[in-house]
Amino acid sequence: QTCALPISLFSLDAIGASVGDAMHGAAITVLLSAALLTLLLTLPVAFRLVALVRQPEQELREAFYDRCIQLAVAVTFVLYPVICGRLLLLFHYVDFDDVQVLSTDVRLRAEEARAWQLAATPFVLLFVVGIPLAFAAILRYGVRPALLDSHDHAYAAATVQWERRCLQRFSLLYAKYT
């Protein structure tokens, strides 16, 4: 004899009815993109606020700053393929007889999806194009100059320290691609 426990705490049908089934694939994609952008933009603000309120020593402040950069790179690195895939699928249609619908959500006709495509266009440019360009610029202009410096022994310790900071900050990028 089996015993079933009521695990569901809320009804998905009730949530769907309360929002009028307006949460379709396109809306969720745009909201996820906006949430990721908000997270990435609030990290430096949060760092400044914490540093202002707590006023840590310079060494601790630099370590915290490095962790903030590391968090931003890790979140972006992990969510990039998911967000970009969803954003690009907003522009893919399938045909059902004489009706063209969004491939990821067949509830949306092509005409209805156009507004969401327009809303998603800045995110496509920002994420699909901007993130790889930003990572390339960071590797080229932020990390690489330390490696191109002359091998003057007076700067050797500073170069090694900078490389360690870059390795910690950009571990997912720096360690894998240089």
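Everything here concerns the structure above.
Residues numbered from 1 in each chain as written. Predicted model: local features only at pLDDT ≥ 70, side-chain atom pairs only at ≥ 80, totals over all residues. Heavy atoms only, no water.

A.B. asks: Can you break down unusual backbone geometry residue by residue, with the values?
C.D. replies: The backbone phi angle of Gln55 is positive, close to 50 degrees, even though this residue is not glycine. Notably, Asp97 is not glycine yet its phi reads approximately 55 degrees, a positive angle. Here Asp97 lies in the loop between β1 (93–96) and β2 (99–102). A residue is classified by how much of its surface remains accessible, and Asp97, at 83% relative accessible area, is exposed. (Helix = DSSP H or I, 4+ residues; strand = E, 2+ residues; numbered from the N terminus. Buried < 20%, exposed > 50% of the residue type's maximum accessible area, 1.4 Å probe, protein only.)

A.B. asks: Can you explain the pairing of β1? Please cite residues and give values.
C.D. replies: Bridge count for β1 against β2 is four bridges, and the pairing is antiparallel. The residue of β2 that forms the bridge with Phe96 is Val99. Counting the residues that bridge the hairpin from β1 to β2 gives two residues, and of these Asp97 lies at a positive phi of roughly 55 degrees. (Pairing = 2+ DSSP bridges.)

A.B. asks: A description of the pattern of salt bridges should follow, citing residues and the corresponding values.
C.D. replies: Opposite charge on two side chains allows them to pair when their charged atoms are near. Throughout the structure, instances matching the rule amount to four salt bridges. Note that Arg165 and Glu62 form a salt bridge whose closest N and O atoms lie 3.9 Å from each other. Of this pair, Arg165 sits in helix α5 (residues 156–169) while Glu62 sits in helix α3 (residues 58–89), and the two are 103 residues apart along the sequence. Relative accessible area serves as the criterion here: at 18%, Arg165 is assigned to the buried category. Classification of Glu62 as partly exposed rests on a relative accessible area of 30%. Linking Arg107 and Asp105 is a salt bridge whose minimum nitrogen-to-oxygen distance equals 2.9 Å. Taking relative accessible area as the criterion, Asp105 reaches 7% and is therefore assigned buried. Through salt bridges with shared partners, a single ionic network connects Glu62, Asp66, Arg165 and Arg169. (Salt bridge = Lys/Arg side-chain N within 4 Å of Asp/Glu carboxyl O.)

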